[in-house]
Amino acid sequence: MPLALILSSFVAASRIGGAAQQYVLAAHKIDPVLAPTVMFGRTPARGGQGEVTSPEVFRRMLGDIEADALFGLVDLIITGHFSDPEQVDIAAGVIERVRGAERSDAWGARPLVLVDPILGDAPRGLYVKYEVAEAVETRLVPQADWITPNLWELGFLADREIATAADARDAVRAVGTPALVTSAPAGPGEIGLLYVDKEEAVLFAHPKRDTAPNGTGDLVTASFGAGLVQGLDPRDAAERAARAAAEVVAMAEAWKSNELPIVAMADRIVNPTAEVRIERL
């Protein structure tokens, strides 16, 4: 079974962050190992109370994971929310050690690294400390095989205003790392997921739902990462992630759910049938 190491948030009763990504990866038969950067009972957006994992505890936790010889088994690393710049430094060191670990599989594939730079969003702007955002930009983004920012985060990384999907495509190229951009501009009444690599840019658009619960970006990142681990072409993995997000958000609206129904929709996340509009840029 493939193994994924998630360095992100744990929120027990909300389907967001690393806790949600565990379920998405498990649905794809990828074994998740979550080292939480924060621990909450429910989402802070609804007043959830919790605490930041201290850098010392975070370091010891990852040291224990390494001591069990799991670094040599990791196929995918996902980084997400951080609350302390020292956590980011620890994560950067872990990426280096995982990549340098002796591989126990016969083919010795290089572990994939997905960095979701969870820094902020419009209209609020930055919602982590500037020192955290700076550390993610300088320590993690350069190590990423792919980044999965939202539109505001992409603008922060590229240091430019983004108004259109074409602007977002150019911003990704300026950052220099292939990306899957959530909340990308699309047509009227739509929201887009923008795939950009060195050779092409493709927009996957579906109806925007104002009642969509939080966590869609986390779902997309985990779904995309699962596709890459499974050997899908990256563009196909992006399309499947877009369809999965559209399907789960639509069902959340139908069920009037405050959370993404990731567990109930596991089979549909793996084999989504939702329609998306595909536009090459």
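None of these values were measured; they are calculated from a predicted model.

### Quick notes on the overall build of the protein
Part 1: Each helix and strand in the protein was counted, giving nine helices and 12 strands.
Part 2: By the compact-globule yardstick of 19 Å for 281 residues, the protein fits well, its C-alpha radius of gyration being 17 Å.
Part 3: Seen through its C-alpha atoms, the protein measures out along the principal axes to roughly 50 × 40 × 40 Å.
Part 4: Contacts in the protein between residues at least 24 apart in sequence constitute 69% of all its contacts with a sequence separation of at least 6.

### Describing the packing of helix α7 (residues 216-229) against helix α8 (residues 234-254)
Part 1: At a closest axis distance of 8 Å, the pairing of α7 and α8 adopts a crossing angle of 145°. Remark: the crossing between α7 and α8 carries right-handed chirality. Residues Thr216, Leu219, Val220, Ser223, Phe224, Ala226, Gly227 and Leu228 of α7 touch α8, and the partners they reach there are Pro234, Ala237, Ala238, Arg240, Ala241, Ala244, Ala245, Val248 and Val249.
Part 2: Tallied by class, the residues present in the contact of α7 with α8 amount to 13 nonpolar, three polar and one charged.

### Notes on the nonpolar core
Part 1: The biggest cluster of nonpolar side chains holds 47 residues, and the ones touching the most others in it are Leu5, Leu7, Leu62, Phe82, Val94, Val136 and Leu140.
Part 2: Among the elements that make up this core, the one with the highest residue count is helix α3 (residues 85-100) (seven residues).
Part 3: Ignoring any residue separated from it by four or fewer positions in sequence, one finds valine 136 in contact with Phe82, Val88, Pro117, Leu119 and Val141.
Part 4: Counting residues in each nonpolar core, the second largest holds 36 residues, with Trp146, Tyr195, Phe224 and Ala238 among its members.

### Details of helix α5 (residues 151-158)
An α-helical turn contains 3.6 residues, so any two residues separated by three or four positions project in the same direction.
Part 1: Within α5, six of the eight residues are buried, which leaves the element mostly enclosed by the surrounding structure.
Part 2: Turning to α5, its buried residues number three or more, namely Leu151, Glu153, Leu154, Gly155, Leu157 and Ala158.
Part 3: Taking the backbone nitrogen of tryptophan 152 as reference, a side-chain oxygen 3.1 Å away marks asparagine 150 as the first, capping residue of α5.
Part 4: Phi for aspartate 159, located one or two positions after α5, is positive at around 55°.

### Some words on the packing of aromatic side chains
Part 1: In this structure the tally under the stated criterion is four aromatic pairs.
Part 2: An angle of 70° between the planes, with centres 6.5 Å apart, marks the rings of tyrosine 130 and phenylalanine 156 as edge-to-face. In this pair, tyrosine 130 is assigned in helix α4 (residues 130-140) and phenylalanine 156 in helix α5, connecting sequence segments 26 residues apart.
Part 3: Aromatic side chains tryptophan 146 and phenylalanine 224 sit 5.1 Å apart centroid to centroid with 85° between the ring planes, which places their arrangement in the edge-to-face category. With tryptophan 146 in strand β8 (residues 146-147) and phenylalanine 224 in helix α7, this residue pair connects regions lying 78 residues apart in the sequence.
Part 4: On the accessibility criterion, tryptophan 146 (8% relative accessible area) is buried.
Part 5: Each residue in the set Tyr130, Trp152 and Phe156 is aromatic and connected to the rest through ring pairs, giving one cluster.

### Here we look at α7
Part 1: For α7, spanning 14 residues, the distance from its first C-alpha to its last is 20 Å, which sits close to the expected 20 Å at 1.5 Å a residue.
Part 2: Among the 14 residues in α7, 11 count as buried, and that is most of the element.
Part 3: Along α7, the residues classified as buried are Asp218, Leu219, Val220, Thr221, Ala222, Ser223, Phe224, Gly225, Ala226, Gly227 and Leu228.
Part 4: Looking one or two residues beyond α7, the residue adopting positive phi is glycine 231, at roughly 90°.

### Description of the pattern of salt bridges
Part 1: Scanning the entire structure with this criterion turns up 16 salt bridges.
Part 2: As a salt-bridge pair, glutamate 56 and arginine 59 come within 3.4 Å of each other at their nearest N and O atoms. Residue glutamate 56 and its partner arginine 59 are both found in helix α2 (residues 55-67); the two are separated by three residues, about one turn of the helix.
Part 3: On the basis of relative accessible area, glutamate 56 is assigned to the partly exposed category, the value being 41%.
Part 4: Using a relative accessible area of 37% as the deciding quantity, one classes arginine 59 as partly exposed.

Conventions adopted
- Residues numbered from 1 in each chain as written.
- Predicted model: local features only at pLDDT ≥ 70, side-chain atom pairs only at ≥ 80, totals over all residues.
- Heavy atoms only, no water.
- Helix = DSSP H or I, 4+ residues; strand = E, 2+ residues; numbered from the N terminus.
- Rg over C-alpha atoms; globule rule 2.2 N^0.38 Å.
- Contact = heavy atoms within 4.5 Å.
- Axes fitted to C-alpha atoms, helices over the stretch in contact; angles between N-to-C directions.
- Left-handed = near helix turned anticlockwise from the far one by under 90°.
- Nonpolar A, V, L, I, M, F, W, Y, C, P; charged D, E, K, R; others polar.
- Core = buried A, V, L, I, M, F, W, Y, C linked by side-chain atoms within 4.5 Å.
- Buried < 20%, exposed > 50% of the residue type's maximum accessible area, 1.4 Å probe, protein only.
- Polar contact = N/O pair within 3.5 Å; in protein donor to acceptor, adjacent residues only side chain to side chain.
- Phe/Tyr/Trp six-rings, centres within 6.5 Å; stacked < 30°, edge-to-face > 60°.
- Expected span 1.5 Å × (residues − 1).
- Salt bridge = Lys/Arg side-chain N within 4 Å of Asp/Glu carboxyl O.

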